[in-house]
Amino acid sequence: MRRDPRIFPTFDDGPHPLWTPKILSELRRADAKATFFAVAPLALRYPEITRRIMDDGHEIAFHCTRHIRHTEMTEEEVEEDVETGLRSLRKVGASPRMWRPPWGMLAPWSERVADDFGLEISLWDSDTRDWRGDSAEAMLGAVAPSLSAGDTVLMHDGLGPGATRDGCEETVRLVAPLAARMRDIGCEPDSLAVKEHRGARA
Ligand SMILES: [Zn+2]
């Protein structure tokens, strides 16, 4: 295994039948790995795309079943959301270890629920705000200057409830130059599975 520092590209709100395959193609071309925080019902609806994500060496993580802030749900409702979601993801062959709750919003009990399900909550260090519809060039210009080793970068391969764009084309266009920028600063784009593994061994 290479020991270069890592940066972790992540994609939320998919899988999407059009945009996820395009992002996978760009990742493959860039020889980059990433983590996909899946919306469980979408993973069930598009099992072949979910499998392709894993076959390409990327990580499937858990985003949600219902895309609702924990602060707007009870602890029991979130437990049910996780239980249902993990069951759905297992049906398509995924066993997530990482969890990014909707909007990155945590309730006081979110960490406890994560522990109960053996999940590790993962938020982000660098936000492309790609849901706004900015150009790839603008997003790269915004995140590149502060990008550093160990960062987790937030992007979207689907159109979640907060999206104000009608497609993910600019995220597709961002993948290659962002991966190149990571390598410019001596980092490999990789999945969070590697980070956790390395952390466990350290
Ligand atoms: Zn989301």
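In this report, we go over the structure that sits alongside the text. (Residues numbered from 1 in each chain as written. Predicted model: local features only at pLDDT ≥ 70, side-chain atom pairs only at ≥ 80, totals over all residues. Heavy atoms only, no water.)

1. With respect to the coordination of the zinc ion
Then step 1. Protein coordination of the zinc ion is provided by Asp13 (OD), His63 (NE2) and His67 (NE2), with donor distances spanning 2.1 Å.
Then step 2. His63 sits in the buried class, given a relative accessible area of 1%. (Donors = N, O, S within 2.8 Å, 3.2 Å for Na, K, Ca; no water. Buried < 20%, exposed > 50% of the residue type's maximum accessible area, 1.4 Å probe, protein only.)

2. Re helix α4 (residues 75-91)
Then step 1. With 17 residues, α4 extends 25 Å from end C-alpha to end C-alpha; this agrees with the ideal 24 Å at 1.5 Å per step.
Then step 2. Those residues of α4 not exposed but buried are Glu75, Val78, Asp81, Val82, Gly85, Leu86, Ser88 and Leu89. End-on, the buried residues of α4 take up no more than an arc of 160°, which puts them together on one face. Structural note: α4 exposes Glu76, Glu80, Arg90 and Lys91 on the side pointing more than 90 degrees away from its buried face.
Then step 3. Looking at the buried residues of α4, the elements they touch are β2 (35-39), α2 (40-45), β3 (59-64), β4 (98-99) and α5 (110-116). (Helix = DSSP H or I, 4+ residues; strand = E, 2+ residues; numbered from the N terminus. Expected span 1.5 Å × (residues − 1). Arc of directions from axis to C-beta. Contact = heavy atoms within 4.5 Å.)

3. Here we look at the side chain of Thr152
Then step 1. Relative to the helices and strands, Thr152 is located in strand β7 (residues 152-156).
Then step 2. Once you skip the residues sitting within four places of it in the chain, Thr152 turns out to touch Phe8, Thr10, Arg100, Leu123, Trp124, Asp125, Ser126, Leu192 and Lys195.

4. Structural notes on the pairing of β7
Then step 1. When you tally the buried positions in β7, you get five out of five residues, the bulk of the element.
Then step 2. As judged from the two bridges shared by strand β6 (residues 126-127) and β7, these two strands associate in the parallel manner. The residue bridging Asp127 from the neighbouring strand is Leu154, located in β7.
Then step 3. Tracing the backbone out of β6, into helix α6 (residues 136-143) and back to the parallel element β7 gives a crossover that is right-handed. (Pairing = 2+ DSSP bridges. Right-handed = clockwise from strand over helix to strand, strands pointing away.)

5. Describing the packing of α6 against helix α7 (residues 169-184)
What describes two packed helices is the angle between their axes and the distance between those same axes.
Then step 1. In contact at an axis separation of 8 Å, α6 and α7 are set at 40° when each is read in the N-to-C sense. Here α7 runs oblique to α6, going by the angle between their axes. Classified by chirality, the crossing of α7 by α6 is right-handed. Residue-level inspection shows Ala136, Glu137, Met139, Leu140 and Val143 of α6 in contact with α7, the latter providing Glu170, Thr171, Arg173, Leu174, Pro177, Leu178 and Arg181.
Then step 2. Among the residues forming the contact of α6 with α7, the class breakdown is seven nonpolar, one polar and four charged. (Axes fitted to C-alpha atoms, helices over the stretch in contact; angles between N-to-C directions. Parallel < 35°, antiparallel > 145°, perpendicular 65-115°, else oblique. Left-handed = near helix turned anticlockwise from the far one by under 90°. Nonpolar A, V, L, I, M, F, W, Y, C, P; charged D, E, K, R; others polar.)

Nothing here speaks to function; it is all geometry.
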